[in-house]
Amino acid sequence: MHNGQGSAKKRRLADEDDELSEVQPDAVPPEVREWLASTFTRQLGPTRRKSDEKPKFKSVAHAIRAGIFVDRIYRRVNHTALMQFPPEVVKVLKTLDDWSFDVFALHESTQGQPIKFLSYDLLNRYGILHKFKMVPATLENFLLRIEEGYCKYKNPYHNNLHATDVTQTVHYMLCKTGLMNWLTDLEIFATLIAALIHDFEHTGTTNNFHVMSGTEAALLYNDRAVLENHHISASFRLLKEDDCNILQNLSREEYREFRTLVIDMVLATDMSFHFQQLKNMRNLLTLAEPSVDKSKALSLVLHCCDISHPAKKWELHYRWTTSLLEEFFRQGDKERELGLPFSPLCDRNNIMIAESQIGFIDFIVDPSMTVCSDMLEVILAPEKPPVGKERENENTPAFSLVKPWVVSLAENKKHWKEKAVTEAVQKKQNEDVKVDVPTTKAE
Ligand code: 5GP
Ligand code: MN
C-alpha cells in the first residue's frame, strides 16, 4: 500500500521514469535524451505541489450556450477613448483567428509593439474591457510596461513576440474550439492574462541555470520554479501600480479567483511538470464520466500553446527554432565563462539540431496536443441525446475538433528528418577531419 507521502512522492517520480522510458529508444541521441530528462522532469529535488484542492468555481454549466460567443464579440466598447489602430495593424489583425497567424508580420506593422495591439484588441473583442470596467488608458499603460519587461534582457526567443504568439494561440483555442463557451468572463480574462504574462521579464536563461549559478531569483524562490514565480510575482506587482491597475474594478472575490487562476496556470508552464501534468490528465480522461477541473484544463491549454510553434507552419516554426537555439547558445557561452558544464543543447559547437527537434516533436509536443485535444473533446462534447433520440449513425463521433496542428506537426517532422540526414553526414565529415589531423588531441 502506498499511503505515506514519501511513497506517493516515490511513486510519482517512478511514474515519470516510466514516461521517460518511452522516450528511451536508441533513435534518440543521448544528448537529446539528457535534455528531455533535465528539462521535462523534476530531477533537482522535486518540489511538492500545493494540495490538489480545487478552487471553487461558480457553476457555469448553464452558460454553455451558442449565443454567448456572438454576444461577447459584439459587446465591444466603442467610444473615442479607445486606442487607435493604424491601418496596417488592422490588416494583420484580420487574420487573428488563424492557427498559423503571422506574429512576425504583426511585430513589423506595430513597430515592435505586438503585445500592445494584440492584447488590447483581444480584451476588447471578448468584451472584457467593458465587463470589468477598464480605463482604456490604464490598459494601455499596463500593456506598455508588460511589453517593456519582455524586452528587458533582449532575448532572441523569450521576448514580446513569444508572449504575443502564445496569447494569440490561446485565443485560437478559446474561440475556434468553442472552449470560451465553457468559461465565465472572469476565466477568459484570467486565461488571456496568464498567457500574456507567462514569461514576463524572462532572463533568457533556464531555471536550471538560475539554480546552478545561484542567482538572486534562485535565492528568492528557493530553487523552485524560479522563473515562473518571478513572471507571476513581477506582473502582480505591476498590477498594483495605480496607472497600470486594470483589476481595480474587480470585486474582492473576483480578484481572488482571478489571481488563483493566473498563478495556477503560469506555475504549470514550468516544463518540469510536463510528464506529470499529461499523465494526470490522461488518467482522468479514462474515467467513465470524467469531470475536468477548470484550472487544470486551462493550465494544460496554456502549456500546449507555450510549446505550439512546432505545430505551426514550417516558416514560423523554423524561425522560432533558430531564435530559441540562439538563446540556448548564449546561455552556453555564459556557462563556459562561469566554468559550469554546458546544459543540454547549449553548446553552439556541438549540437544536432534536427535530431533534437524530432525528439521534441515526438516526445513532447505531439503527445501534449493529443491529450489536449482529447480533453477538449470531452469537455466540449454536447450532452448525450435523450434515449430514443440517439444519433442515426453510431459511427459518427458525437463531437470532433478541427485540429490544424496535426498536419503541421507531420510536415515539420518531415522537414527535420530531411535535415537530419545532412546533419549526420556533416557530423561524420567533421569527425573524420578531426581524426585526420595528427595534432588534434583525442577528447
Ligand atoms: P517557456 O520557456 O517558453 O515557458 O517554455 C517553453 C520551453 O519549451 C522552452 O524553454 C524549451 O525548453 C522548450 N521548447 C520550446 N520550443 C522548443 C523547440 O523548438 N525545441 C526545443 N528543443 N525545446 C523547445
Ligand atoms: Mn513561454
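Residues numbered from 1 in each chain as written. Chains lettered and ligands numbered in written order. Predicted model: local features only at pLDDT ≥ 70, side-chain atom pairs only at ≥ 80, totals over all residues. Heavy atoms only, no water.

### Thoughts on the pattern of salt bridges
And then number 1: The final tally for this structure, using the stated rule, is 15 salt bridges.
And then number 2: Between Asp185 and Lys131 there is a salt bridge; the shortest N-O distance is 3.6 Å. Taken together, the residues span a long stretch of sequence, with Asp185 in helix α10 (residues 185-197) and Lys131 in helix α7 (residues 128-131) at a distance of 54 residues.
And then number 3: Since its relative accessible area comes to 12%, Asp185 is described here as buried.
And then number 4: When the shortest N-O distance is used, the salt bridge between Glu377 and Lys403 registers 3.6 Å. One end of the pair, Glu377, is in helix α18 (residues 353-380); the other, Lys403, is in the loop between α18 and α19 (404-436), with 26 residues separating them in the sequence. (Salt bridge = Lys/Arg side-chain N within 4 Å of Asp/Glu carboxyl O. Helix = DSSP H or I, 4+ residues; strand = E, 2+ residues; numbered from the N terminus. Buried < 20%, exposed > 50% of the residue type's maximum accessible area, 1.4 Å probe, protein only.)

### Here we look at the packing of aromatic side chains
And then number 1: Throughout the structure, instances matching the rule amount to 17 aromatic pairs.
And then number 2: Ring geometry for Phe85 and Tyr120: centres 6.1 Å apart, planes at 65 degrees, overall edge-to-face. With Phe85 in the loop between α3 (67-74) and α4 (87-93) and Tyr120 in helix α6 (residues 114-125), this residue pair connects regions lying 35 residues apart in the sequence.
And then number 3: Here Phe85 falls in the partly exposed class, since its relative accessible area comes to 23%.
And then number 4: Each residue in the set Phe132, Phe189, Phe236, Tyr255 and Phe258 is aromatic and connected to the rest through ring pairs, giving one cluster.
And then number 5: The side chain of Lys294 reaches across the aromatic face of Trp182, ending 5.3 Å from its centre.
And then number 6: The ring of Trp99 has Lys312 sitting right over it, with the charged end atom 5.0 Å from the ring centre. (Phe/Tyr/Trp six-rings, centres within 6.5 Å; stacked < 30°, edge-to-face > 60°. Lys NZ or Arg CZ within 6 Å of the ring centre and 35° of its normal.)

### Some thoughts on the side chain of His198
And then number 1: In this fold, His198 is placed in the loop between α10 and α11 (207-213).
And then number 2: We classify His198 as buried; its relative accessible area is 0%.
And then number 3: At a separation of 2.9 Å, a polar atom in the side chain of His198 contacts the main-chain carbonyl oxygen of Ala195.
And then number 4: In contact with His198, other than residues within four places in its own chain, are Tyr150, His162, Val166, His231, Val266, Thr269 and Asp306. (Polar contact = N/O pair within 3.5 Å; in protein donor to acceptor, adjacent residues only side chain to side chain. Contact = heavy atoms within 4.5 Å.)

### Digging into the coordination of the manganese ion (ligand 2)
And then number 1: On the protein side, the manganese ion (ligand 2) has His162 (NE2), His198 (NE2), Asp199 (OD) and Asp306 (OD) as donor atoms, found 2.1 to 2.2 Å from it.
And then number 2: Geometry at the manganese ion (ligand 2) is irregular, judged from its six donor atoms and the angles of 59 to 170 degrees they form at the metal.
And then number 3: Spacing between the donor residues of the manganese ion (ligand 2) along the chain follows H-x35-H-D-x106-D. Residue His162 is found in helix α9 (residues 160-176), and its partner Asp306 is found in helix α16 (residues 294-306); the two are separated by 144 residues along the sequence. The exposure classification of His162 matches that of Asp306, with both residues buried. (Donors = N, O, S within 2.8 Å, 3.2 Å for Na, K, Ca; no water. Tetrahedral: all angles 85-135°; square planar, octahedral: opposite > 155°, others 65-115°.)

### Describing empty space enclosed by the protein
And then number 1: Taken as a whole, this structure holds one cavity of 30 Å³ or more when the rule is applied.
And then number 2: Estimates place the volume of the largest cavity at around 40 Å³.
And then number 3: Lining the largest cavity, in full, are Ser119, Leu122, Leu123, Thr167, Leu192, Ile193 and Leu196.
And then number 4: At the level of elements, α6 and α10 are the ones that each hand at least two residues to the lining of the largest cavity. (1 Å grid on protein atoms, 1.4 Å probe; cavity = no way out; pocket = protein on both sides within 12 Å on 5 of 7 lines; lining within 4 Å. Points joined across faces, edges and corners; volume = space filled by probe spheres on them.)

### Some thoughts on helix α17 (residues 314-338)
And then number 1: Between its first and last C-alpha, α17 extends 36 Å over 25 residues, near the 36 Å set by a 1.5 Å rise per residue.
And then number 2: Where α17 ends, the next residue or the one after it, Gly339, has phi of about 75 degrees, a positive value. (Expected span 1.5 Å × (residues − 1).)

### Some words on the packing of helix α14 (residues 252-267) against α16
And then number 1: Where α14 contacts α16, the two axes come as close as 8 Å, and the packing angle between them is 45 degrees. The orientation of α14 relative to α16 falls into the category oblique. Helix-helix and strand crossings are classified by hand; for α14 and α16 the assignment is right-handed. Contacts between α14 and α16 involve Leu261, Asp264, Met265 and Val266 on the former and, on the latter, Ser295, Leu298, Ser299 and Leu302.
And then number 2: For the contact of α14 with α16, the per-class residue count stands at five nonpolar, two polar and one charged. (Axes fitted to C-alpha atoms, helices over the stretch in contact; angles between N-to-C directions. Parallel < 35°, antiparallel > 145°, perpendicular 65-115°, else oblique. Left-handed = near helix turned anticlockwise from the far one by under 90°. Nonpolar A, V, L, I, M, F, W, Y, C, P; charged D, E, K, R; others polar.)

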